[in-house]
Amino acid sequence: MSDVLPIPVAALDAILPMHLRVSATGCVVHAGPTVARLRPHTGWQGRPFLEVLRLLRPNAAPTMAGLLGLAGQRLHLQFRAPPETKLRGVVHPLPDGGCLVTLALGYCVVEAVRDYGLTERDFAHCDPTVEMLFLIEAKSAALMESKNVNARLSAAQAAAQQQAETDVLTGLHNRRAMDQRLTQMTDERR
Amino acid sequence: MHGLINKSAQGFLTATYGTAVWEDIAHRAGLPPDGFEAMLSYPDDQTDALLDAACACLDRSEASLLEDTGTYLVTHSDVQPVRRLMRFGGPSFEDFILSLDELHDRARMAVPDLVLPVIEVSDAGGGHYLLSTRWQRRGAVALLSGVLNAMADDYGALVLLEPGAGSRAAQAGEGGDVIETLSVFLADRDFAEGNHFLLGGAAG
(Lines give C-alpha, C1' and ligand atoms only; values in the text may rest on other atoms or scores of the structure.)
Protein backbone atom coordinates (compact mmCIF):
# COMPACT_ATOMS: atom_id res chain seq x y z
CA MET A 1 0.00 0.00 0.00
CA SER A 2 1.33 3.40 -0.97
CA ASP A 3 1.89 5.84 1.87
CA VAL A 4 1.04 8.80 -0.36
CA LEU A 5 -2.61 9.67 -0.63
CA PRO A 6 -3.62 11.67 -3.67
CA ILE A 7 -6.32 13.98 -2.37
CA PRO A 8 -8.30 16.54 -4.39
CA VAL A 9 -7.66 20.15 -3.36
CA ALA A 10 -11.40 20.68 -2.88
CA ALA A 11 -11.53 17.80 -0.38
CA LEU A 12 -8.53 19.16 1.49
CA ASP A 13 -10.19 22.59 1.58
CA ALA A 14 -13.27 21.00 3.15
CA ILE A 15 -11.33 18.90 5.65
CA LEU A 16 -8.79 21.56 6.57
CA PRO A 17 -10.23 24.97 5.68
CA MET A 18 -7.42 26.51 7.74
CA HIS A 19 -4.42 25.26 5.78
CA LEU A 20 -1.79 26.84 3.57
CA ARG A 21 0.30 25.15 0.96
CA VAL A 22 3.77 26.67 0.80
CA SER A 23 6.22 26.08 -2.07
CA ALA A 24 9.85 25.04 -1.70
CA THR A 25 10.76 28.72 -2.11
CA GLY A 26 8.58 29.67 0.86
CA CYS A 27 5.73 31.29 -1.06
CA VAL A 28 2.06 30.51 -0.49
CA VAL A 29 0.66 28.63 -3.48
CA HIS A 30 -2.75 27.86 -2.02
CA ALA A 31 -4.81 29.03 0.94
CA GLY A 32 -7.72 27.07 2.39
CA PRO A 33 -11.07 28.93 2.27
CA THR A 34 -11.10 30.02 5.92
CA VAL A 35 -7.46 31.13 5.98
CA ALA A 36 -8.28 33.11 2.84
CA ARG A 37 -10.96 34.97 4.83
CA LEU A 38 -8.36 36.07 7.36
CA ARG A 39 -6.54 38.19 4.72
CA PRO A 40 -9.41 39.36 2.51
CA HIS A 41 -7.65 42.42 1.08
CA THR A 42 -4.06 41.38 0.48
CA GLY A 43 -4.76 37.70 -0.19
CA TRP A 44 -2.12 35.00 0.09
CA GLN A 45 -1.33 33.93 -3.43
CA GLY A 46 2.43 34.09 -4.14
CA ARG A 47 3.27 35.94 -0.92
CA PRO A 48 6.21 34.69 1.17
CA PHE A 49 4.72 32.85 4.15
CA LEU A 50 7.11 34.41 6.66
CA GLU A 51 6.40 37.93 5.37
CA VAL A 52 2.71 37.52 6.15
CA LEU A 53 3.16 35.73 9.44
CA ARG A 54 5.77 36.34 12.11
CA LEU A 55 7.08 33.28 13.92
CA LEU A 56 6.81 34.03 17.65
CA ARG A 57 7.88 30.66 18.94
CA PRO A 58 10.03 28.60 18.71
CA ASN A 59 12.89 30.95 17.90
CA ALA A 60 14.19 29.74 14.58
CA ALA A 61 15.88 31.15 11.51
CA PRO A 62 13.11 32.82 9.48
CA THR A 63 13.86 30.85 6.32
CA MET A 64 12.07 28.10 4.48
CA ALA A 65 14.73 25.59 5.57
CA GLY A 66 14.28 26.76 9.16
CA LEU A 67 10.52 26.32 8.84
CA LEU A 68 10.85 22.78 7.47
CA GLY A 69 13.16 21.99 10.38
CA LEU A 70 10.25 22.69 12.74
CA ALA A 71 8.03 20.06 11.12
CA GLY A 72 5.58 18.56 13.58
CA GLN A 73 6.18 21.14 16.31
CA ARG A 74 3.54 23.53 17.51
CA LEU A 75 4.31 26.99 16.14
CA HIS A 76 3.09 30.29 17.54
CA LEU A 77 2.48 32.71 14.70
CA GLN A 78 1.10 36.22 14.39
CA PHE A 79 -0.01 38.30 11.43
CA ARG A 80 2.38 41.17 10.71
CA ALA A 81 -0.45 43.41 9.45
CA PRO A 82 -3.60 44.25 11.45
CA PRO A 83 -5.67 42.64 12.74
CA GLU A 84 -2.57 41.07 14.26
CA THR A 85 -4.33 37.82 15.14
CA LYS A 86 -2.22 35.11 16.75
CA LEU A 87 -2.39 31.65 15.26
CA ARG A 88 -1.12 28.24 16.08
CA GLY A 89 0.37 26.19 13.30
CA VAL A 90 2.05 22.92 12.47
CA VAL A 91 4.27 22.36 9.41
CA HIS A 92 3.90 19.14 7.44
CA PRO A 93 6.62 18.66 4.74
CA LEU A 94 5.40 17.67 1.27
CA PRO A 95 7.24 15.48 -1.26
CA ASP A 96 7.74 18.47 -3.59
CA GLY A 97 10.02 20.22 -1.07
CA GLY A 98 7.28 22.55 0.08
CA CYS A 99 5.00 22.10 3.05
CA LEU A 100 1.44 22.15 4.26
CA VAL A 101 0.86 24.44 7.23
CA THR A 102 -2.26 23.74 9.28
CA LEU A 103 -3.42 26.73 11.30
CA ALA A 104 -5.73 27.11 14.28
CA LEU A 105 -7.14 30.15 16.06
CA GLY A 106 -6.54 28.78 19.55
CA TYR A 107 -7.77 31.02 22.35
CA CYS A 108 -8.12 33.99 19.97
CA VAL A 109 -11.08 32.28 18.34
CA VAL A 110 -13.80 34.51 19.83
CA GLU A 111 -12.07 37.72 18.69
CA ALA A 112 -11.20 36.20 15.31
CA VAL A 113 -14.78 35.11 14.63
CA ARG A 114 -15.88 38.67 15.36
CA ASP A 115 -13.01 40.48 13.57
CA TYR A 116 -13.30 38.46 10.37
CA GLY A 117 -17.06 37.82 10.46
CA LEU A 118 -16.56 34.06 10.32
CA THR A 119 -19.65 31.91 10.02
CA GLU A 120 -20.58 28.31 10.72
CA ARG A 121 -19.63 27.46 7.13
CA ASP A 122 -16.03 28.56 7.75
CA PHE A 123 -15.41 25.68 10.13
CA ALA A 124 -14.94 22.06 9.14
CA HIS A 125 -17.83 19.81 10.17
CA CYS A 126 -15.56 17.96 12.62
CA ASP A 127 -14.35 21.21 14.18
CA PRO A 128 -16.24 21.87 17.44
CA THR A 129 -15.61 25.64 17.34
CA VAL A 130 -19.25 26.53 16.70
CA GLU A 131 -20.38 24.28 19.56
CA MET A 132 -17.76 25.95 21.74
CA LEU A 133 -19.03 29.41 20.82
CA PHE A 134 -22.55 28.22 21.66
CA LEU A 135 -21.35 27.01 25.04
CA ILE A 136 -19.50 30.24 25.77
CA GLU A 137 -22.68 32.24 25.12
CA ALA A 138 -24.93 29.81 26.97
CA LYS A 139 -22.61 29.67 29.97
CA SER A 140 -22.26 33.47 30.03
CA ALA A 141 -26.06 33.81 30.04
CA ALA A 142 -26.35 31.21 32.83
CA LEU A 143 -23.61 32.92 34.83
CA MET A 144 -25.36 36.27 34.44
CA GLU A 145 -28.57 34.72 35.80
CA SER A 146 -26.65 33.23 38.72
CA LYS A 147 -25.11 36.62 39.47
CA ASN A 148 -28.58 38.18 39.49
CA VAL A 149 -29.79 35.50 41.91
CA ASN A 150 -26.77 36.10 44.15
CA ALA A 151 -27.36 39.85 44.16
CA ARG A 152 -31.03 39.40 45.12
CA LEU A 153 -30.23 36.83 47.81
CA SER A 154 -27.51 39.01 49.28
CA ALA A 155 -29.86 42.02 49.41
CA ALA A 156 -32.53 39.85 51.05
CA GLN A 157 -29.99 38.53 53.54
CA ALA A 158 -28.92 42.08 54.48
CA ALA A 159 -32.56 43.09 54.94
CA ALA A 160 -33.23 40.02 57.12
CA GLN A 161 -30.15 40.75 59.21
CA GLN A 162 -31.31 44.34 59.71
CA GLN A 163 -34.77 43.15 60.79
CA ALA A 164 -33.32 40.58 63.18
CA GLU A 165 -31.41 43.32 65.02
CA THR A 166 -34.18 45.91 65.13
CA ASP A 167 -37.07 46.29 67.54
CA VAL A 168 -40.23 46.50 65.45
CA LEU A 169 -42.06 48.88 67.79
CA THR A 170 -39.39 51.51 68.39
CA GLY A 171 -37.12 51.00 65.37
CA LEU A 172 -34.17 50.88 67.78
CA HIS A 173 -31.58 48.13 67.84
CA ASN A 174 -32.69 45.25 70.03
CA ARG A 175 -31.05 43.09 72.67
CA ARG A 176 -29.52 40.78 70.04
CA ALA A 177 -27.80 43.76 68.37
CA MET A 178 -26.54 45.01 71.74
CA ASP A 179 -25.12 41.58 72.64
CA GLN A 180 -23.33 41.38 69.32
CA ARG A 181 -21.89 44.88 69.67
CA LEU A 182 -20.74 44.19 73.28
CA THR A 183 -19.05 40.93 72.25
CA GLN A 184 -17.36 42.76 69.41
CA MET A 185 -16.13 45.52 71.76
CA THR A 186 -14.78 43.10 74.39
CA ASP A 187 -13.03 41.12 71.62
CA GLU A 188 -11.42 44.30 70.36
CA ARG A 189 -10.04 45.19 73.84
CA ARG A 190 -8.24 41.86 74.23
CA MET B 1 -39.34 21.81 36.70
CA HIS B 2 -36.30 23.97 36.20
CA GLY B 3 -36.43 27.60 37.30
CA LEU B 4 -35.57 28.76 33.79
CA ILE B 5 -38.84 27.32 32.51
CA ASN B 6 -40.92 28.63 35.41
CA LYS B 7 -39.19 31.99 35.17
CA SER B 8 -39.93 32.13 31.42
CA ALA B 9 -43.65 31.75 32.10
CA GLN B 10 -43.38 34.38 34.85
CA GLY B 11 -41.46 36.71 32.52
CA PHE B 12 -44.04 36.29 29.77
CA LEU B 13 -46.97 36.93 32.14
CA THR B 14 -45.30 39.98 33.71
CA ALA B 15 -44.21 41.46 30.37
CA THR B 16 -47.62 40.91 28.77
CA TYR B 17 -50.10 41.57 31.59
CA GLY B 18 -48.14 43.66 34.09
CA THR B 19 -46.85 43.11 37.61
CA ALA B 20 -50.26 43.41 39.31
CA VAL B 21 -51.74 40.58 37.25
CA TRP B 22 -48.62 38.50 37.84
CA GLU B 23 -48.91 39.00 41.60
CA ASP B 24 -52.55 38.02 41.47
CA ILE B 25 -51.66 34.81 39.59
CA ALA B 26 -48.77 34.09 41.97
CA HIS B 27 -51.09 34.57 44.95
CA ARG B 28 -53.68 32.18 43.48
CA ALA B 29 -50.95 29.65 42.74
CA GLY B 30 -49.57 29.92 46.28
CA LEU B 31 -46.26 31.32 45.05
CA PRO B 32 -44.29 34.22 46.56
CA PRO B 33 -44.82 37.52 44.70
CA ASP B 34 -41.20 37.48 43.53
CA GLY B 35 -41.92 34.18 41.80
CA PHE B 36 -39.11 31.96 40.66
CA GLU B 37 -35.33 32.18 40.50
CA ALA B 38 -33.96 31.16 37.11
CA MET B 39 -31.12 28.94 38.27
CA LEU B 40 -32.97 26.89 40.91
CA SER B 41 -35.21 23.87 40.47
CA TYR B 42 -38.79 23.67 41.75
CA PRO B 43 -41.26 20.84 42.38
CA ASP B 44 -43.37 20.11 39.29
CA ASP B 45 -46.64 20.85 41.07
CA GLN B 46 -45.61 24.52 41.39
CA THR B 47 -45.47 24.74 37.59
CA ASP B 48 -48.90 23.11 37.37
CA ALA B 49 -50.26 25.51 40.00
CA LEU B 50 -48.80 28.50 38.13
CA LEU B 51 -50.31 27.49 34.80
CA ASP B 52 -53.68 26.59 36.34
CA ALA B 53 -53.84 29.96 38.10
CA ALA B 54 -52.81 31.83 34.94
CA CYS B 55 -55.45 30.02 32.86
CA ALA B 56 -58.15 30.80 35.43
CA CYS B 57 -57.08 34.42 35.88
CA LEU B 58 -56.76 35.25 32.20
CA ASP B 59 -59.45 32.91 30.90
CA ARG B 60 -57.02 31.42 28.40
CA SER B 61 -56.08 27.85 27.56
CA GLU B 62 -52.81 26.42 28.80
CA ALA B 63 -51.73 25.67 25.22
CA SER B 64 -52.19 29.28 24.12
CA LEU B 65 -50.29 30.58 27.16
CA LEU B 66 -47.42 28.17 26.53
CA GLU B 67 -47.33 29.06 22.85
CA ASP B 68 -47.07 32.77 23.68
CA THR B 69 -44.39 31.97 26.26
CA GLY B 70 -42.39 30.28 23.48
CA THR B 71 -42.71 33.37 21.29
CA TYR B 72 -41.79 35.62 24.20
CA LEU B 73 -38.61 33.59 24.79
CA VAL B 74 -37.35 34.27 21.28
CA THR B 75 -38.56 37.81 20.74
CA HIS B 76 -38.53 39.70 24.03
CA SER B 77 -35.59 41.94 24.89
CA ASP B 78 -35.52 40.65 28.50
CA VAL B 79 -34.39 37.23 27.28
CA GLN B 80 -32.18 38.21 24.36
CA PRO B 81 -29.61 35.43 24.76
CA VAL B 82 -32.24 32.83 23.85
CA ARG B 83 -32.68 34.00 20.25
CA ARG B 84 -28.95 33.90 19.64
CA LEU B 85 -28.58 30.50 21.28
CA MET B 86 -31.37 29.15 19.08
CA ARG B 87 -29.72 30.60 15.95
CA PHE B 88 -26.72 28.41 16.63
CA GLY B 89 -28.99 25.64 15.30
CA GLY B 90 -27.90 26.42 11.77
CA PRO B 91 -27.53 28.96 9.00
CA SER B 92 -30.95 28.28 7.42
CA PHE B 93 -34.38 27.55 8.86
CA GLU B 94 -34.23 24.00 7.46
CA ASP B 95 -30.94 23.46 9.29
CA PHE B 96 -32.59 24.91 12.36
CA ILE B 97 -35.54 22.47 12.22
CA LEU B 98 -33.21 19.53 11.67
CA SER B 99 -31.07 20.68 14.62
CA LEU B 100 -34.02 20.47 17.02
CA ASP B 101 -33.20 16.86 17.83
CA GLU B 102 -30.02 18.20 19.44
CA LEU B 103 -31.85 20.84 21.50
CA HIS B 104 -32.22 18.65 24.57
CA ASP B 105 -28.50 17.84 24.64
CA ARG B 106 -27.44 21.40 23.86
CA ALA B 107 -29.50 22.74 26.74
CA ARG B 108 -28.13 20.12 29.10
CA MET B 109 -24.58 20.98 28.08
CA ALA B 110 -25.19 24.62 29.00
CA VAL B 111 -27.25 24.07 32.18
CA PRO B 112 -26.84 20.46 33.36
CA ASP B 113 -30.11 20.23 35.32
CA LEU B 114 -32.27 21.90 32.65
CA VAL B 115 -34.47 19.26 31.02
CA LEU B 116 -35.95 20.44 27.73
CA PRO B 117 -38.21 18.22 25.62
CA VAL B 118 -36.52 15.46 23.63
CA ILE B 119 -37.46 16.20 20.02
CA GLU B 120 -37.30 13.73 17.16
CA VAL B 121 -37.36 15.26 13.71
CA SER B 122 -38.25 13.35 10.58
CA ASP B 123 -37.92 14.98 7.18
CA ALA B 124 -40.93 13.92 5.10
CA GLY B 125 -39.66 15.75 2.01
CA GLY B 126 -41.09 18.73 0.14
CA GLY B 127 -40.68 21.02 3.15
CA HIS B 128 -42.75 18.78 5.43
CA TYR B 129 -41.33 17.75 8.79
CA LEU B 130 -42.86 15.69 11.55
CA LEU B 131 -41.70 16.52 15.06
CA SER B 132 -42.30 14.25 17.99
CA THR B 133 -41.66 15.57 21.50
CA ARG B 134 -41.20 13.70 24.75
CA TRP B 135 -41.27 15.66 27.98
CA GLN B 136 -42.08 15.29 31.65
CA ARG B 137 -45.33 17.26 31.27
CA ARG B 138 -47.81 18.08 28.52
CA GLY B 139 -47.37 21.30 26.58
CA ALA B 140 -44.05 20.74 24.82
CA VAL B 141 -45.67 21.15 21.39
CA ALA B 142 -47.48 24.34 22.44
CA LEU B 143 -44.24 25.86 23.74
CA LEU B 144 -42.32 24.66 20.69
CA SER B 145 -44.96 26.10 18.34
CA GLY B 146 -44.41 29.55 19.80
CA VAL B 147 -40.65 29.17 19.53
CA LEU B 148 -40.86 27.88 15.93
CA ASN B 149 -43.15 30.67 14.73
CA ALA B 150 -40.86 33.28 16.24
CA MET B 151 -37.72 31.61 14.89
CA ALA B 152 -39.29 31.38 11.43
CA ASP B 153 -39.79 35.17 11.57
CA ASP B 154 -36.19 35.52 12.70
CA TYR B 155 -34.91 33.50 9.75
CA GLY B 156 -37.39 35.19 7.40
CA ALA B 157 -39.15 31.89 6.63
CA LEU B 158 -42.88 31.18 6.40
CA VAL B 159 -44.05 28.07 8.22
CA LEU B 160 -47.38 26.43 8.88
CA LEU B 161 -47.68 24.43 12.07
CA GLU B 162 -50.25 21.83 12.91
CA PRO B 163 -50.17 20.17 16.32
CA GLY B 164 -51.04 16.47 16.25
CA ALA B 165 -54.39 15.54 17.78
CA GLY B 166 -53.94 15.07 21.52
CA SER B 167 -51.02 13.61 23.32
CA ARG B 168 -50.32 10.18 24.63
CA ALA B 169 -48.55 8.91 27.67
CA ALA B 170 -45.20 7.40 26.81
CA GLN B 171 -44.88 3.64 26.84
CA ALA B 172 -43.76 1.94 30.01
CA GLY B 173 -40.03 2.30 30.41
CA GLU B 174 -40.01 5.84 29.07
CA GLY B 175 -40.35 7.32 32.53
CA GLY B 176 -43.98 8.46 32.50
CA ASP B 177 -43.23 11.17 29.95
CA VAL B 178 -45.77 12.67 27.59
CA ILE B 179 -45.38 12.30 23.84
CA GLU B 180 -46.84 14.89 21.46
CA THR B 181 -46.48 15.52 17.75
CA LEU B 182 -46.29 18.59 15.54
CA SER B 183 -46.36 18.83 11.74
CA VAL B 184 -44.26 21.59 10.29
CA PHE B 185 -44.61 22.77 6.70
CA LEU B 186 -41.95 25.15 5.48
CA ALA B 187 -43.99 27.05 2.89
CA ASP B 188 -41.33 29.59 1.91
CA ARG B 189 -37.79 29.70 3.19
CA ASP B 190 -37.15 33.21 1.81
CA PHE B 191 -40.45 34.80 2.71
CA ALA B 192 -39.00 37.90 4.34
CA GLU B 193 -35.69 39.56 5.10
CA GLY B 194 -35.18 38.00 8.54
CA ASN B 195 -32.77 39.14 11.23
CA HIS B 196 -29.03 38.94 10.99
CA PHE B 197 -27.06 36.50 13.02
CA LEU B 198 -23.32 36.88 13.36
CA LEU B 199 -21.47 34.05 15.03
CA GLY B 200 -19.25 36.56 16.83
CA GLY B 201 -22.00 39.11 17.36
CA ALA B 202 -22.78 38.60 21.06
CA ALA B 203 -22.62 41.79 23.08
CA GLY B 204 -19.80 41.98 25.56
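Residues numbered from 1 in each chain as written. Chains lettered and ligands numbered in written order. Predicted model: local features only at pLDDT ≥ 70, side-chain atom pairs only at ≥ 80, totals over all residues. Heavy atoms only, no water.

Caption draft 1: Spatial organisation of the interface of chain B and chain A. Of the residues lining the interface, 18 residues belong to chain B; the matching set on chain A comes to 20 residues. Both faces considered, chain B and chain A share a buried interface measuring about 1,800 Å² in area, 69% of it formed by carbon and sulfur atoms. For the interface between chain B and chain A, the tally reads 2 salt bridges. A salt bridge links Glu137 of chain A to Arg84 of chain B, with the nearest nitrogen and oxygen atoms 2.6 Å apart. On the surface where chain B and chain A come into contact, there are 4 residue pairs in polar contact (both at pLDDT 80 or more). Counting residues per element, the ones that place at least two in the side of chain B that touches chain A are helix H5 (80–87) and helix H7 (103–110) of chain B. For the side of chain B that touches chain A, the per-class residue count stands at 12 nonpolar, 2 polar and 4 charged. (Contact = heavy atoms within 4.5 Å. Buried area = accessible area lost by both parts, 1.4 Å probe. Salt bridge = Lys/Arg side-chain N within 4 Å of Asp/Glu carboxyl O. Polar contact = N/O pair within 3.5 Å; in protein donor to acceptor, adjacent residues only side chain to side chain. Helix = DSSP H or I, 4+ residues; strand = E, 2+ residues; numbered from the N terminus. Nonpolar A, V, L, I, M, F, W, Y, C, P; charged D, E, K, R; others polar.)

Caption draft 2: Representation of the packing of helix H6 (residues 129–164) of chain A against H5 of chain B in the model. Contact geometry for H6 of chain A and H5 of chain B: axes closest at 10 Å, N-to-C directions at 160 degrees. It follows from the interaxial angle that H6 of chain A and H5 of chain B lie roughly antiparallel. Handedness of the crossing formed by H6 of chain A with H5 of chain B: left-handed. From H6 of chain A, Phe134, Glu137, Ala138 and Ala141 of chain A reach across to H5 of chain B, where they touch Pro81, Arg84 and Leu85 of chain B. Considering only residue class, the contact of H6 of chain A with H5 of chain B consists of 5 nonpolar, no polar and 2 charged. (Axes fitted to C-alpha atoms, helices over the stretch in contact; angles between N-to-C directions. Parallel < 35°, antiparallel > 145°, perpendicular 65-115°, else oblique. Left-handed = near helix turned anticlockwise from the far one by under 90°.)

Caption draft 3: Molecular detail of the pairing of strand S2 (residues 128–135) of chain B. All names here are of chain B. Side chains of S2 alternate between two faces, with Tyr129, Leu131, Thr133 and Trp135 buried and His128, Leu130, Ser132 and Arg134 left unburied. Bridging between strand S1 (residues 118–125) and S2 involves 7 bridges; their strand directions are antiparallel. Counted as the bridge partner of Val121 is Leu131 from S2. Counted between consecutive antiparallel strands, the loop separating S1 from S2 contains 2 residues, among which Gly126 sits at a positive phi close to 65 degrees. (Buried < 20%, exposed > 50% of the residue type's maximum accessible area, 1.4 Å probe, protein only. Pairing = 2+ DSSP bridges.)

Caption draft 4: Molecular detail of the side chain of Asp122 of chain A. All names here are of chain A. Following the sequence through the fold, Asp122 ends up in the loop between helix H5 (109–115) and H6. In this structure the side chain of Asp122 is engaged in a polar contact, spanning 3.0 Å, whose partner is the side chain of Arg37. The contact partners of Asp122, leaving out residues within four places of it in the chain, are Pro17, Thr34, Arg37 and Gly117.

Caption draft 5: Representation of a negative patch on the surface within the structure. Together, Glu120 and Glu131 of chain A together with Asp95, Asp101, Glu102 and Glu120 of chain B give the surface a local cluster of negative charge. Tracing the backbone shows Asp101 of chain B in the loop between helix H6 (93–98) and H7. Judged by relative accessible area, which is 37%, Asp101 of chain B ranks as partly exposed. (Patch = residues over 30% accessible without salt bridge, like charges linked within 9 Å, V, L, I, M, F, W, Y side chains within 5 Å. Areas by Shrake-Rupley, 256 points an atom, 1.4 Å probe, with all protein chains shown as cover. Lys, Arg positive; Asp, Glu negative; His and termini not counted. Charge placed at Lys NZ, Arg CZ, Asp CG, Glu CD.)

Caption draft 6: Layout of the nonpolar core. With 77 residues, the main nonpolar core has Leu20 and Phe49 of chain A together with Phe93 and Leu131 of chain B as its most contacted residues. Among all residues touching Phe93 of chain B, those that are not within four sequence positions of it are Leu148, Met151, Ala152, Tyr155, Ala157, Val159 and Leu186 of chain B. By size, the runner-up hydrophobic cluster in this structure holds 18 residues, among which are Ala26, Phe36, Tyr42 and Cys55 of chain B. (Core = buried A, V, L, I, M, F, W, Y, C linked by side-chain atoms within 4.5 Å.)

Caption draft 7: Examining the pairing of strand S4 (residues 75–79) of chain A more closely. Residues and elements named next belong to chain A. In terms of burial, S4 is largely enclosed, as 4 of its 5 residues are buried. Pairing of S4 with strand S5 (residues 86–93) involves 4 bridges; the strand directions are antiparallel. Across the sheet, His76 pairs through a bridge with Arg88, a residue of S5. Taking the residues between adjacent antiparallel strands as the criterion, S4 and S5 are bridged by 6 residues.

Caption draft 8: Focus on the environment of Ala187 of chain B. Residues and elements named next belong to chain B. Structurally, Ala187 can be placed in strand S5 (residues 178–188). Ala187 gets classed as partly exposed once you look at its relative accessible area, which sits at 39%. Separated by 28 residues in sequence, Ala187 and Val159 place their C-alpha atoms 5.4 Å apart. With sequence-adjacent residues up to four places away left out, Ala187 is seen in contact with Leu158 and Val159.

Caption draft 9: Broad picture of the packing of aromatic side chains. Applying the stated rule across the entire model yields 9 aromatic pairs over all chains. Measuring from ring centre to ring centre gives 5.8 Å for Trp44 of chain A and Phe79 of chain A, while their planes differ by 50 degrees; the resulting arrangement is tilted. Taken together, the residues span a long stretch of sequence, with Trp44 of chain A in the loop between helix H2 (33–38) and helix H3 (49–52) and Phe79 of chain A in strand S4 at a distance of 35 residues. For Trp44 of chain A, a relative accessible area of 4% corresponds to the buried category. Between Phe96 of chain B and Tyr155 of chain B the ring centres are 5.6 Å apart and the planes differ by 45 degrees, which places this aromatic pair in the tilted class. Residue Phe96 of chain B is located in helix H6, and its partner Tyr155 of chain B is located in helix H8 (residues 140–155); the two are separated by 59 residues in the primary sequence. With relative accessibility at 1%, the residue Phe96 of chain B sits in the buried group. Under the relative-accessibility criterion, Tyr155 of chain B is labelled buried at 10%. Linked through ring pairs, Phe134 of chain A together with Phe88 and Phe197 of chain B together constitute an aromatic cluster. The positively charged end of Arg39 of chain A is found above the aromatic ring belonging to Phe79 of chain A, 3.5 Å away from the centroid. Above the face of the Phe134 of chain A ring, Arg106 of chain B is positioned so that its terminal group lies 4.6 Å from the ring centre. (Phe/Tyr/Trp six-rings, centres within 6.5 Å; stacked < 30°, edge-to-face > 60°. Lys NZ or Arg CZ within 6 Å of the ring centre and 35° of its normal.)

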